[in-house]
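# Observations on the three-dimensional arrangement
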Amino acid sequence: GPAGCRGIAAAHGNTPVSALGVLFNTGAGQHILKNPLVVNSIIDKAALRRTDVILEVGPGTGNLTVKMLEKVKKVIACEIDPRLVGELQKRVQGTCLANKLEIKVGDILKTDLPFFDACVANLPYQISSPFVFKLLLHRPFFRCAILMFQREFALRLVAKPGSKLYCRLSINTQLLARVDHLMKVGKNNFRPPPKVESSVVRIEPKNPPPPINFQEWDGLVRIAFVRKNKTLSAAFKSSAVEQLLDHNYRIHCSLHNTWRSLKLSMLLKYCPYMYVSRSFTNLIKCFVSALLYGCGSHIEIPENFRISEKIQTVLKDTGYSEKRARSMDIDDFIRLLHGFNSEGIHFS
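Given the structure is predicted, the values throughout are model-derived calculations rather than measurements.

## Describing the pairing of strand β9 (residues 198-205)
β9 sits mainly inside the fold: six of its eight residues count as buried. Taken together, the six bridges between strand β6 (residues 144-150) and β9 define a ladder with antiparallel strand orientation. The residue bridging Ala-145 from the neighbouring strand is Ile-203, located in β9.

## Side note on the UniProt feature "binding site: S-adenosyl-L-methionine" (unreviewed entry) in the protein
Taken from the UniProt record, the annotation "binding site: S-adenosyl-L-methionine" (unreviewed entry) applies to His-31, Leu-33, Gly-58, Glu-79, Asp-107 and Asn-122. For Leu-33, the location among the structural elements is in strand β1 (residues 32-33). Those residues in contact with Leu-33, other than ones at most four positions away along the chain, are Val-38, Val-39, Ile-42, Asn-63, Asn-122, Met-148, Val-185, Asn-189 and Phe-190. Turning to its location among the elements, Asn-122 is positioned in strand β5 (residues 118-122).

## Quick look at the side chain of Gln-312
Assignment of secondary structure puts Gln-312 in helix α14 (residues 307-318). According to the relative accessible area criterion, Gln-312 is buried, its value standing at 12%. A polar atom in the side chain of Gln-312 sits 3.0 Å from the side chain of Ser-233. Those residues in contact with Gln-312 that sit more than four places away from it in its chain are Ser-233, Phe-236, Lys-237 and Ser-321.

## Thoughts on the packing of helix α6 (residues 128-136) against helix α8 (residues 168-176)
Relative orientation of the contacting elements α6 and α8 amounts to 20°, with a least axis distance of 10 Å. When the axes of α6 and α8 are compared, the pair comes out roughly parallel. Between α6 and α8 lies a crossing of left-handed hand. Here Ser-129, Val-132, Phe-133 and Leu-136 of α6 lie close against α8, whose contacting residues are Leu-169, Asn-172, Thr-173 and Leu-176. Residues belonging to the contact of α6 with α8 are distributed by class as follows: five nonpolar, three polar and no charged.

## Examining the pattern of salt bridges
Tallied over the full model, the rule gives 16 salt bridges. Of the charged contacts in the structure, one is a salt bridge between Glu-197 and Lys-187, with a shortest N-O distance of 4.0 Å. Here Lys-187 lies in the loop between β7 (177-185) and β8 (190-191) and Glu-197 lies in the loop between β8 and β9, a separation of ten residues in the sequence. With relative accessibility at 29%, the residue Lys-187 sits in the partly exposed group. The shortest N-O distance in the salt bridge between Lys-310 and Glu-343 comes to 3.2 Å. Of this pair, Lys-310 sits in helix α14 while Glu-343 sits in the segment after α15 (330-342), placing them 33 residues apart in sequence.

## A closer look at the sheet that holds strand β2 (residues 53-57)
Across the sheet, which stays open at both edges, the seven strands sit in the order β4-β3-β2-β5-β6-β9-β7 with mixed pairing between neighbours. The open sheet has two edge strands with one neighbour each: β4 (101-105) and β7. Between one strand and the next, the sheet's axes are offset by a mean angle of 20°, whatever the strand orientation.

## What about unusual backbone geometry?
When glycine is set aside, most residues are seen to have a negative phi, and most peptide bonds are trans. A cis amide bond links Arg-191 with the next residue in sequence, Pro-192, at an omega value of -15°. With respect to the secondary-structure elements, Pro-192 resides in the loop between β8 and β9. Of note, Ala-47 is a non-glycine position whose phi angle comes to about 45°, a positive value. Take Ala-47: it is sitting in the loop between α3 (36-46) and β2. Relative accessible area serves as the criterion here: at 47%, Ala-47 is assigned to the partly exposed category.

## Things to note about the side chain of Asp-332
Within the secondary structure, Asp-332 is located in helix α15. When residues no more than four places from it in sequence are discounted, the contact partners of Asp-332 are Tyr-320 and Ser-327.

## Observations concerning the packing of aromatic side chains
Applying the stated criterion across every chain yields a total of ten aromatic pairs. Summarising the aromatic geometry, the rings of Tyr-166 and Phe-225 are spaced 5.7 Å apart at their centres and angled 70° between planes, so their arrangement reads as edge-to-face. On the criterion of sequence distance, the pair formed by Tyr-166 in the loop between α7 (151-158) and α8 and Phe-225 in helix α9 (residues 214-226) is long-range, its members being 59 residues apart. In this pair, the class of Tyr-166 matches that of Phe-225, namely buried. Clustering of aromatic rings is evident, with ring pairs tying together Tyr-166, Trp-217, Phe-225 and Phe-333.

## Describing α7
Listed as buried for α7 are Arg-151, Phe-153, Ala-154 and Leu-157. Buried residues of α7, viewed axially, fall in a sector of 165°; they line one side. Where α7 is buried, its residues contact α6, β6, α8, β7 and β9.

## What about the confidence of the model for the protein?
On average, residues of the protein carry a pLDDT of 86, and 80% of them reach 70 or more. Taken together, the stretch residues 1-20 has pLDDT below 50 and engages in 22 contacts with residues farther than four places along the chain or on a different chain. Below a pLDDT of 50 lies the segment residues 290-294, which in the model reaches seven contacts outside its immediate sequence neighbourhood of four places, other chains included.

Cut-offs applied
- Residues numbered from 1 in each chain as written.
- Predicted model: local features only at pLDDT ≥ 70, side-chain atom pairs only at ≥ 80, totals over all residues.
- Heavy atoms only, no water.
- Buried < 20%, exposed > 50% of the residue type's maximum accessible area, 1.4 Å probe, protein only.
- Helix = DSSP H or I, 4+ residues; strand = E, 2+ residues; numbered from the N terminus.
- Pairing = 2+ DSSP bridges.
- UniProt positions renumbered as here; feature names shortened; annotations may be inferred.
- Contact = heavy atoms within 4.5 Å.
- Polar contact = N/O pair within 3.5 Å; in protein donor to acceptor, adjacent residues only side chain to side chain.
- Axes fitted to C-alpha atoms, helices over the stretch in contact; angles between N-to-C directions.
- Parallel < 35°, antiparallel > 145°, perpendicular 65-115°, else oblique.
- Left-handed = near helix turned anticlockwise from the far one by under 90°.
- Nonpolar A, V, L, I, M, F, W, Y, C, P; charged D, E, K, R; others polar.
- Salt bridge = Lys/Arg side-chain N within 4 Å of Asp/Glu carboxyl O.
- Phe/Tyr/Trp six-rings, centres within 6.5 Å; stacked < 30°, edge-to-face > 60°.
- Arc of directions from axis to C-beta.
- pLDDT = per-residue confidence, 0-100.

Quick look at the structure:
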């Protein structure tokens, strides 16, 4: 029964590295969490449920894995190193935990994520940023993720406007999720010890997500944070930025005009019904076409058009011309994005 399982987990809990016969590849970010108090603390913070499917990334030799297997329905462990996969399999072989563990071998960034309720990960630090966004853009939604990061990365995730560490990573993560710094973890809790201190962070995706096109949002934020201490007026004067936005603007105008022609032809097709037939259905058809598919005006781009003037006008009109990214919050960027979009300027 469960007592037997706990015995197995405990028996392996502090197996020395030499006994396991594994030499860890620190270049690939292999640092195994060895302190059982930290392991238990992470499991408590995850608030696991008996019905949960857990995605674990970087299970290592399984110190966290075996503890979670006792508490949940299933753990899907993703590990890139076949040697560690072997250790993990050996550890649960012949126990009542074995059938609750599924192991996926491979690079998590190149793998389609399975369905899961919560994620627990002690990640190689070099993949922290791409993994966070892979998680946050994953559907269907999961409940929460408890993730171990390098301390500075963790502090960037939770940084607020005006803070020295506030950056594109901070605002993008906070747009899509609620982020909390849970605890610091010293380097001596790992085997072998990493060169840097670590922190555990909880990420809860916002469900429903904000009604924003993330690619557009990230395009705007990327420009603003290239030099976060510059005014936006200066940041948007870069020739690369102007070229990109000019290109996007011309595509937008061309698409708008094509769509307008299509809608006009629909109106011409359906509106005569209104006079020929008094049938309710046709009346509705016309009404919907005229109101919902309002045609808008044809956009002509003048010969002497300069995108730089249009950009600076939007910045002045929205009141952000002299503002700097380092002190702007999510609402500021939403207003600015809306200001640009309503003038036909797009970032993706």
